[in-house]
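This is what each chain is made of:
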Amino acid sequence: MAHSNESTVSEFVLLGLSKSWGLQLLLFTIFSAIYVASVLGNVMIIAIIFSDSHLNSPMYFLLSNLSFIDVCQSNFATPKMLADFFVERKTISFEGCMTQIFLLHSFVGSEMMLLVAMGYDRVVAICKPLHYNLIMNRRLCIMFVSISWAVGILHSVSHLAFTVNLPFCGPNEVDSFFCDLPLVIKLACMDTYRMEILTLANSGLISLSCFLALIVSYIIIFVTVRHQSSSGSSKALSTLTAHITVVILFFGPCIYFYIWPFSRLSVDKFLSVFYTICTPLLNPVIYSLRNEDVKSALRKLRNRHVNPGKN
């Protein structure tokens, strides 16, 4: 194999979430519903934003890109996990494992940076409303999205560059339903302490930096809205609450994983499920279904296609 002269592992065995057939059927039903809801919900948001001229604003442009990342994240491992519920021996090729690691860290890194961009958008909208359209122009929004993807891909490549060349010469069981980077690194036939530190520094740095940037933006918004009128303050705080909820649910498990990245507990597997399967559902549920503009656009789109005679 080209990975390393010492590597003999051509596939990894995924231990999955449970060996109980009954529990696997239950999990398949639950996760299938979440997966379908995530994909359809985010695709619906993208369609609504691009079909309604009233949503032609920087905030919704960034939101549609967030939905696109969530669609990608929903598909990097979940379809295989659902199929694996009906397979006794769950395996993934070496190349497939490395691909999962690359895709996960690309999507997560991109989403972190995009959430920071959305936080900046809200700061400008609330703190500099008269200059909002001048500052948050289309060029800046495209730049934000491009930087988000570039950072995500570079972040992922930096992980993969050393992981793909590790010597895997025997143990190949990954105690998860996808190729989780820390668990894969532990299977290498060498002292992986330095690799673990590199992983911690890489992912921990980007996670903590984005999280702190968002906290700073929310503090600025909170201080600003305290001096606004009650109606303006109420709307701003409602938006802020949605953002904070997403950030806590998104960054919480991520920061936890990189505080204790290589000492896994049984609860960690279920946090991995939440992080990879449930997180993509946060965008349509929290950001969009609580947004009056999006709900109004959804009603118009529904009436246009379901009840065309009423238009």
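Keep in mind that this is a model prediction, so the values were computed, not measured.

**Re the pairing of strand 1 (residues 11-14)**
In step 1: The pairing of strand 1 with strand 2 (residues 91-93) spans three bridges and is classified as antiparallel. Note on strand 2: the bridge partner recorded for Glu11 is Ser93.
In step 2: Examined bridge by bridge, strand 1 and strand 3 (residues 173-174) share two bridges and lie parallel to one another. Its bridge partner being in strand 3, Val13 is matched across the sheet by Glu173.

**Remarks on the sheet that holds strand 3**
In step 1: A sheet is described by the order of its strands in space; here three strands give the open sequence 2-1-3, paired in mixed fashion. Either end of the sheet is taken by a strand with one partner, and the two such strands are strand 2 and strand 3.

**Description of the layout of surface pockets**
In step 1: Computed from the structure, the second largest pocket encloses a volume of approximately 220 Å³.
In step 2: Lining the second largest pocket are 14 residues, and of these Lys19, Val87, Glu88, Arg89 and Lys90 lie nearest its centre.
In step 3: In terms of residue class, the lining of the second largest pocket is made up of seven nonpolar, two polar and five charged.

**Structural notes on the side chain of His159**
In step 1: When you line up the elements, His159 lands in helix 6 (residues 138-163).
In step 2: In this structure His159 touches His105, Leu181, Thr199, Asn202 and Ser203, once residues within four positions along its chain are discounted.

**Here we look at the pattern of salt bridges**
In step 1: Inspection of the entire model under this criterion finds three salt bridges.
In step 2: The closest approach of N and O atoms between Arg89 and Glu11, which form a salt bridge, is 3.1 Å. With Arg89 in the loop between helix 3 (78-84) and strand 2 and Glu11 in strand 1, this residue pair connects regions lying 78 residues apart in the sequence.
In step 3: Given a relative accessible area of 27%, Glu11 falls into the partly exposed group.
In step 4: Its salt-bridge partner being Asp121, residue Arg122 comes within 2.8 Å of it at the nearest N-O pair. Comparing Arg122 with Asp121, the two get one shared label, buried.

**Considerations on the packing of aromatic side chains**
In step 1: Counted under the stated rule, the structure contains 14 aromatic pairs.
In step 2: What links up through ring pairs into an aromatic cluster is the set Trp21, Phe28, Phe31, Phe85 and Phe86.
In step 3: Across from the ring centre of Phe61, 4.5 Å away, lies the NZ or CZ of Arg138, which sits over that ring.

**So, the UniProt feature "transmembrane region" (unreviewed entry) in the protein**
In step 1: Feature annotation in UniProt places "transmembrane region" (unreviewed entry) on residues 25-50, 101-120, 140-162, 205-225, 237-259 and 271-289, given in this structure's numbering.
In step 2: Counting secondary structure, residues 25-50 comes out at 100% helix and 0% strand; the distance between its end C-alpha atoms is 38 Å.
In step 3: Measuring from the first to the last C-alpha atom of residues 205-225 gives 30 Å, for a span that is 100% helix and 0% strand.

Analysis parameters
Residues numbered from 1 in each chain as written. Predicted model: local features only at pLDDT ≥ 70, side-chain atom pairs only at ≥ 80, totals over all residues. Heavy atoms only, no water. Pairing = 2+ DSSP bridges. Helix = DSSP H or I, 4+ residues; strand = E, 2+ residues; numbered from the N terminus. 1 Å grid on protein atoms, 1.4 Å probe; cavity = no way out; pocket = protein on both sides within 12 Å on 5 of 7 lines; lining within 4 Å. Points joined across faces, edges and corners; volume = space filled by probe spheres on them. Nonpolar A, V, L, I, M, F, W, Y, C, P; charged D, E, K, R; others polar. Contact = heavy atoms within 4.5 Å. Salt bridge = Lys/Arg side-chain N within 4 Å of Asp/Glu carboxyl O. Buried < 20%, exposed > 50% of the residue type's maximum accessible area, 1.4 Å probe, protein only. Phe/Tyr/Trp six-rings, centres within 6.5 Å; stacked < 30°, edge-to-face > 60°. Lys NZ or Arg CZ within 6 Å of the ring centre and 35° of its normal. UniProt positions renumbered as here; feature names shortened; annotations may be inferred.

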